[in-house]
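# Residue-level structural notes
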Amino acid sequence: MNVQFKKGVLELCVLVMLDKKDRYGYELVQKISSQIEISEGSIYPILRRLTNDEYFTTYLQESTEGPSRKYYRLTDKGRTYLYELITEWNEFASGVNQLIKEGVNNE
Amino acid sequence: MNKHIFLQQLEHELKGIPAVERADVIHDYEEHFMFAIEAGKSEEEIASALGSPSQIAKELLANYHVKRATVSTSAGSIIRATWAVIGLSFFNLVIVLGPAVGVAGVIVAGWASALALVLSPLLVIVNAVVHPSTFLLFDLFFSLATCGLGIFLGMGMLYVSKLGKNASISYLKYNVSLVKGGLKHD
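Just so you know, these numbers come straight off a predicted model, no measurement behind them.

With that out of the way, let us pick up the overall build of chain A. Looking only at helices and strands, chain A has 4 helices and 3 strands in total. Counting from the amino terminus, chain A carries its helices and strands in the arrangement α-β-α-α-β-β-α. Against the 2.2 N^0.38 benchmark of 13 Å for 107 residues, chain A shows a C-alpha radius of gyration of 16 Å, more extended than a compact globule. In terms of overall dimensions, chain A has a C-alpha envelope of 60 × 25 × 25 Å along the principal axes. Looking at chain A residue by residue over its 107 residues, the buried ones come to 44%. Within chain A, residue pairs in contact and separated by at least 24 positions form 48% of the contacts whose partners lie at least 6 positions apart. For chain A, the accessible area works out to roughly 6,200 Å², and carbon and sulfur atoms hold 52% of it. Placing the 14 positive and 16 negative side-chain charges of chain A at their respective mean positions leaves the two points 4 Å apart.

In this section: the packing of helix α4 (residues 53-71) of chain B against helix α7 (residues 137-176) of chain B. Residue and element names in this part refer to chain B. Contact geometry of α4 with α7 gives a least axis separation of 10 Å together with a crossing angle of 160°. By the angle class used here, α4 and α7 are roughly antiparallel. Note on packing geometry: the crossing formed by α4 with α7 is left-handed. Counted together, Ala62, Asn63, Val66, Ala69 and Thr70 of α4 and Lys165, Ile169, Leu172, Lys173 and Val176 of α7 form the full contact between these two elements. Considered class by class, the residues forming the contact of α4 with α7 number 6 nonpolar, 2 polar and 2 charged.

Right, let's get into the confidence of the model for chain A. Here chain A averages 87 in pLDDT, while 92% of its residues score no lower than 70. Averaged pLDDT values over the elements of chain A bottom out at 88 in helix α1 (residues 8-17) of chain A and peak at 93 in strand β1 (residues 23-24) of chain A.

Before going further, it helps to examine the packing of aromatic side chains. Residue and element names in this part refer to chain A. Scanning the entire structure with this criterion turns up 11 aromatic pairs over all chains. Ring geometry for Phe56 and Tyr72: centres 6.0 Å apart, planes at 70°, overall edge-to-face. With a gap of 16 residues between them, Phe56 in strand β2 (residues 56-61) and Tyr72 in strand β3 (residues 69-74) connect regions that are remote in the sequence. Like Phe56, the residue Tyr72 is buried in the burial classification.

Calculation rules
Residues numbered from 1 in each chain as written. Chains lettered and ligands numbered in written order. Predicted model: local features only at pLDDT ≥ 70, side-chain atom pairs only at ≥ 80, totals over all residues. Heavy atoms only, no water. Helix = DSSP H or I, 4+ residues; strand = E, 2+ residues; numbered from the N terminus. Rg over C-alpha atoms; globule rule 2.2 N^0.38 Å. Buried < 20%, exposed > 50% of the residue type's maximum accessible area, 1.4 Å probe, protein only. Contact = heavy atoms within 4.5 Å. Areas by Shrake-Rupley, 256 points an atom, 1.4 Å probe, with all protein chains shown as cover. Lys, Arg positive; Asp, Glu negative; His and termini not counted. Charge placed at Lys NZ, Arg CZ, Asp CG, Glu CD. Axes fitted to C-alpha atoms, helices over the stretch in contact; angles between N-to-C directions. Parallel < 35°, antiparallel > 145°, perpendicular 65-115°, else oblique. Left-handed = near helix turned anticlockwise from the far one by under 90°. Nonpolar A, V, L, I, M, F, W, Y, C, P; charged D, E, K, R; others polar. pLDDT = per-residue confidence, 0-100. Phe/Tyr/Trp six-rings, centres within 6.5 Å; stacked < 30°, edge-to-face > 60°.

If you want it as structure tokens, here you go:
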């Protein structure tokens, strides 16, 4: 697979998972790596960057079992950004799908 | 590679960032190991799924230095950010270093020319002191004119430098947002 695709896709994945509820880092990494083959370690720098850009806030929460978890919460700024990304992605994906459909039908 | 070696290597590669931030990064990965071990995975499995600590460190360093360059105005911070982004991959050596050298060249040359023009009356005066017989009033007036030109060029260079800085930061940010070697199968 081409490694030069935009990290924006991973950003979109992370942001969209936080739209409806707060999640902790390990949970986000597991969800993404179950769908997309990626080095799991590369998600944490993205989480850190998006937190620096004020798209997320973080908080620690004790759990009944095991260590405390660092949760990520989407900010209003993050939500606005997420909706922009979703629009961009949908336009991009439907464009590619249309070209694939035309290409396959012409064969 | 086990948990200890992974974390040690990551910590070692992150020497360039402040201790508080480094500790926070290490904590994230420690937490990751704890949850994955709870889920029944071995340390070796977890480390290999995480990927190379040095690649992770490069990403973190590039993010850190680009963030620093955005808030600071010093040339040093931009150079460090450029260097960190170049470190992300060999590919960046070409696509980041080339333009960086070009932009830096234009800015340095512009400032050097402005400085030389501004200082030209001084050279005429020095010349008049050393060889009084060759002094021409025309030289002095001409050098005053080039001095004025130098001041204008200097004003222009202030603008060009600022533009160069902002463009460099945007370009570095764009490069940081590309995935490089983050995927398992290439």
